[in-house]
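Summary of the model geometry
Listed below are the residues making up each chain.
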Amino acid sequence: MNRRVSALSVAVFVSILLALGVVLAGCGSGSSSTGSTTASSGSNPSESNQGGTETTSGASTSVTVGVGTGSYALGLSPKYFSSNGIDVKTSLLSSPAQVTPLLLNGQLQFAAADPVGTLIAISQGIPLLMVGVATSSGTSESNDVTGLLVKANGPIKSAKDLDGKTLAVSAIGGSAELTAKAAIDEEGGESSSVKFVEVAPQSMNVNVAEGTVDGAVSQEPGITMGKSAGLTDLLSPAGVSLPETPLIVYVTTQEYAKENPEVVKAFVESLTAAGKALQSEPQLVRSNAESTYHLTPVQAKEMVLPIFVPSAIEKPKMETVMSLMLKYELLSSPVELDSAIYSGQ
């Protein structure tokens, strides 16, 4: 078909890494910075903005945002933030282990994160606040950027054929695994029989083609690239199980939001402006993906584009995500969403 305190236990620390780091792997093989954003401290992000939020001489407030190479980072272009007094810089991070200490130590003010992993971290008492949406899943399978890739000429033709098989995901216990399980069950398969293994996104297509795994839960442009390599998109995990819900969110710490309410407000307002602009500029997104992931013009034209609006995190949609997490035992009890989601006040 065409679609995240210094004294922490080791176990909790690992959970935070999973919460904030899954997005950093990206969903393709590109390694360059995205769009017109500035990849500050890409190779050594610990040097980035070590004093925390800074007010520049032009009365702008400087913030640094940790991101991966996904097209969603186009929304962090300075042109969308300058009018709100924000001097935004992006720190292109290569490892999930970089995110947590930088965010908690104030070296990053915001970071892109997996909403599922973020809710897990919050449930364990980690003081995170989700402030805005980077991208959301589609309204249906046809316009969703997630996919489950299998061999085009292989034996897997339906969700039922995935029973007992092995699927690759970018991180165990994140959105990819959750939505895949839910979609498989909804489409007639038995997800409890499926084994999930962690594979780097840039290696997924090769692993499927070589038979190392039976399938891979991927995102664009990895899906389009996979199709060019003889794979087929069996179903859209997020499109089936969690349509119109956040795929990637921006997070900050509760402490930062409390101490810098005007900065957070301006950041969110800028995200809203960016989302509306990018939604109306599909060719900009395609051109960026083409250069970042080294796509052919045909691949860039065929790929399903991210959905950038709405940029505000809507509580009912996160309730839907949390409900699925409870069903599949990623959470043992509900998270208090009123304190986990930015209210705009």
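Before going into details, it helps to say that this report is about the structure given with it. (Residues numbered from 1 in each chain as written. Predicted model: local features only at pLDDT ≥ 70, side-chain atom pairs only at ≥ 80, totals over all residues. Heavy atoms only, no water.)

With that settled, consider the pairing of strand β7 (residues 166–169). Alternating residues of β7 divide into T166 and A168 and L167 and V169, and every residue in both groups is buried. Pairing between β7 and strand β8 (residues 195–198): 4 bridges, direction parallel. Note on β8: the bridge partner recorded for T166 is K195. Considered for its hand, the β-α-β crossover made up of β7, helix α4 (residues 175–186) and β8 is right-handed. (Buried < 20%, exposed > 50% of the residue type's maximum accessible area, 1.4 Å probe, protein only. Helix = DSSP H or I, 4+ residues; strand = E, 2+ residues; numbered from the N terminus. Pairing = 2+ DSSP bridges. Right-handed = clockwise from strand over helix to strand, strands pointing away.)

Strand order in this open sheet of 5 strands is β8-β7-β9-β6-β10, and the pairing throughout is mixed. The two strands at the open ends of the sheet, each matched to only one other strand, are β8 and β10 (231–235). Averaged over all pairs of adjacent strands, the angle between their axes in this sheet comes to 35 degrees, without regard to strand direction. (Axes fitted to C-alpha atoms, helices over the stretch in contact; angles between N-to-C directions.)

Let us look at the packing of helix α3 (residues 115–123) against helix α12 (residues 315–327). At a minimum axis separation of 11 Å, α3 and α12 run at an interaxial angle of 75 degrees. With respect to α12, the element α3 is oriented roughly perpendicular. On α12, the residues that touch P115, V116, L119 and I120 of α3 are M318, V321, M322 and M325. Of the residues assigned to the contact of α3 with α12, the class counts are 8 nonpolar, no polar and no charged. (Parallel < 35°, antiparallel > 145°, perpendicular 65-115°, else oblique. Contact = heavy atoms within 4.5 Å. Nonpolar A, V, L, I, M, F, W, Y, C, P; charged D, E, K, R; others polar.)

Let's shift gears to the pairing of strand β11 (residues 246–253). Every regular strand shows the same layout, with side chains that alternate between the two sheet faces. Counting buried positions along β11 yields 8 of 8 residues, so the element is predominantly enclosed. Two strands pair when backbone bridges link them, and strand β4 (residues 110–113) and β11 are joined in this way by 3 bridges, in the antiparallel orientation. What sits directly across from A111, in β11, is V251. As defined by bridge partners, strand β5 (residues 128–136) adjoins β11 across 7 bridges and the pair is classed as antiparallel. Note that in β11 the partner of G132 across the bridge is Y250.

Turning our attention to the environment of T135. Examined against the element boundaries, T135 turns out to sit in strand β5. Judged by relative accessible area, which is 5%, T135 ranks as buried. Residues in contact with T135, not counting those within four places in the same chain, are Y72, P246, L247, I248, P306, I307 and F308.

What follows deals with the nonpolar core. One recurring pattern in soluble globular proteins: nonpolar side chains tend to sit buried together. The biggest cluster of nonpolar side chains holds 42 residues, and the ones touching the most others in it are V131, Y250 and F267. Those elements giving two or more residues to this core turn out to be β2 (61–67), β3 (86–92), β4, β5, β11, α8 (254–259), α9 (261–279) and α10 (282–293). No other element matches the 9 residues that α9 contributes to this core. Excluding residues within four positions of it along the chain, F267 makes contact with V65, L76, F81, I86, F110, V131 and Y250. (Core = buried A, V, L, I, M, F, W, Y, C linked by side-chain atoms within 4.5 Å.)

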